[in-house]
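Geometric and topological summary
Now for the letters of each chain:
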Amino acid sequence: MTEALYMNDSYLKQWNAEVKSVSNDKFIVLDKTAFFPKGGGVEWDTGIIKTDDEKIFNVVYTGKFSGEISHEVDNKGLEIGNKVKCNLNWNRRYLLMRYHTAAHILSGVLFNEYGLKVTGNQLTTEKGRIDLNMNVMDVELIKKAIEQSNKIIKKNLPVEIYSISRLNAEKDPNLFKLAAGFKHKIDNIRIVDIKGFDKQADGGCHVKNLNEIGKINFVNAVNKGKNFKRVYFQIE
Ligand SMILES: [Zn+2]
């Protein structure tokens, strides 16, 4: 099982690893990785894997297949046992971290203030999308929630990561508002705690302080049906 370094340190950009398996010449499993695999509505990391003899392989996609984090590279040549240096495409990852943390704030406000639940989300480097169980479309309410979210962001609250037991986590249904790619089966649940605002069970990458998010802007809202409204936002 690959050690997922991003779980403990979302700011790790460079690390050494060893190639554990290679499939179809291009799907690489490492002993440890900070490349976040697509999951929980958040896009994957890209970057490079470099061998001892300075051969560079671009990681074009990271996903989870049969429970393993798999890196798709653009070239053949990596072999089991290779010692490699890995580098994240940090600009991309950091933007995804900002979008992801922004989605926490927005979904927290929508739930706390209006009792609305987020039923899905998709976060890319271009925009964020959340799906709401809102019955009748209310764009003013959504804009107000974004305004309230921006006020919370300005409070510069710290974001802390720690683990609690699954038993304790399951006692608090509020921990599972924004489903983000963690497994209920594991014994310890990773908690993302936006101090004084909201806690979520979550396996993703977040910024350390809300002041890193910037500002959330409303883009548009689409009526996808009863109890299904889709909201697009951007951050600046
Ligand atoms: Zn999260």
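Okay, so let's go over this structure. Remember, it's a predicted structure, so these values are computed and weren't measured experimentally. (Residues numbered from 1 in each chain as written. Predicted model: local features only at pLDDT ≥ 70, side-chain atom pairs only at ≥ 80, totals over all residues. Heavy atoms only, no water.)

1. Digging into the pairing of strand E14 (residues 216-225)
To keep things clear, this is the line we draw: The pairing criterion is simple: DSSP has to find at least two bridges between the two strands. Numbering goes from the N terminus for both helices and strands, where a helix is a DSSP run of H or I of at least four residues and a strand is a run of E of at least two.
Both E14 and strand E15 (residues 228-235) contribute to a ladder of eight bridges, which runs antiparallel. Bridge pairing in E15 links Asn220 to Tyr232. Between E14 and the antiparallel strand that follows it, E15, lie two residues; Asn227 among them carries a positive phi value of about 55°.

2. A word on the sheet that holds strand E3 (residues 27-30)
Note the following rule: Convention adopted: a line fitted to C-alpha atoms gives each axis, helices being fitted over their contacting stretch, and angles between N-to-C directions are expressed from 0 to 180 degrees.
If you trace the six strands once around the closed barrel, you get E2-E3-E7-E6-E5-E8, paired in antiparallel fashion. Pairs of neighbouring strands in the sheet enclose a mean axial angle of 45°, with direction left out of account. Where strand E2 (residues 14-23) meets E3, four bridges bridge the pair, whose relative direction is antiparallel. Looking across to E3, one finds that Val19 is bridged to Leu30.

3. Notes on the nonpolar core
Put simply, the rule is: To qualify as a nonpolar core, a set must consist of buried Ala, Val, Leu, Ile, Met, Phe, Trp, Tyr and Cys residues joined through side-chain atoms within 4.5 Å. Categorising residues by exposure relies on relative accessible area from a 1.4 Å probe, with only protein chains included: less than 20% of the type maximum marks a residue as buried, more than 50% marks it as exposed, and the intermediate range marks it as partly exposed. Only heavy atoms enter the contact rule, under which two residues are in contact if any of them lie within 4.5 Å.
Ranked by size, the top nonpolar core spans 56 residues in total, and within it Ile49 and Phe233 carry the most contacts. With ten residues, helix H1 (residues 90-114) is the largest single contributor of residues to this core. Apart from the residues lying within four places of it in its own chain, the contact partners of Ile49 are Leu30, Phe35, Lys55, Ile56, Phe57, Val59, Val73, Leu78, Val84, Lys85 and Cys86. Counting residues in hydrophobic clusters, the runner-up holds five residues, among them Ala169, Leu175, Ile189 and Ala201.

4. Some thoughts on the sheet that holds strand E9 (residues 118-123)
What the four strands build is an open sheet, ordered E9-E10-E15-E14; its pairing is antiparallel. Only two strands of the sheet have a single partner each, and these edge strands are E9 and E14. Along the sheet, successive strands turn relative to each other by an average axial angle of 20°, direction set aside. Helix H2 (residues 139-153) contacts E14 and E15 of the sheet and is inclined by roughly 145° relative to E14.

5. A few points about the coordination of the zinc ion
So the rule is basically this: Donor criterion used throughout: N, O or S atom within 2.8 Å of the metal, extended to 3.2 Å for Na, K and Ca. Water excluded; incomplete-looking sites may result. A four-donor site is classed as tetrahedral when every donor-metal-donor angle falls between 85 and 135 degrees; four donors are called square planar, and six octahedral, when trans pairs exceed 155 degrees and all remaining angles lie between 65 and 115, with any other arrangement labelled irregular.
Surrounding the zinc ion are the protein donor atoms His100 (NE2), His104 (NE2), Asp202 (OD) and His206 (NE2), which sit 1.8 to 2.0 Å from the metal. Considering all four donor atoms around the zinc ion, angles at the metal cover 94 to 131° and the coordination shape is tetrahedral. Each donor residue of the zinc ion belongs to the same chain, and together they define the spacing H-x3-H-x97-D-x3-H. Of this pair, His104 sits in helix H1 while Asp202 sits in the loop between strand E13 (198-201) and E14, and the two are 98 residues apart along the sequence.

6. Points about empty space enclosed by the protein
Which entries qualify depends on this criterion: In this analysis the probe radius is 1.4 Å and the grid spacing 1 Å, with only protein atoms considered; a cavity is a set of points the probe fits into but cannot get out of, a pocket is an open set with protein on both sides within 12 Å along at least five of seven lines, and lining residues have an atom within 4 Å of a point. Grid points are joined across faces, edges and corners, and a volume is the space filled by probe spheres set on the points. As a working rule, the residues Ala, Val, Leu, Ile, Met, Phe, Trp, Tyr, Cys and Pro are called nonpolar, Asp, Glu, Lys and Arg charged, and the rest polar, with Gly in that last group.
Under the criterion given, the structure shown has one cavity of 30 Å³ or more. Volume-wise, the largest cavity comes out at about 50 Å³. In terms of lining residues, the largest cavity is bounded by Phe36, Val42, Glu43, Asp45, Arg93, Leu96, Met97, His100 and Cys205. Residue composition of the lining of the largest cavity, grouped by class: five nonpolar, one polar and three charged.

Function-wise, these values are silent; they only describe arrangement.
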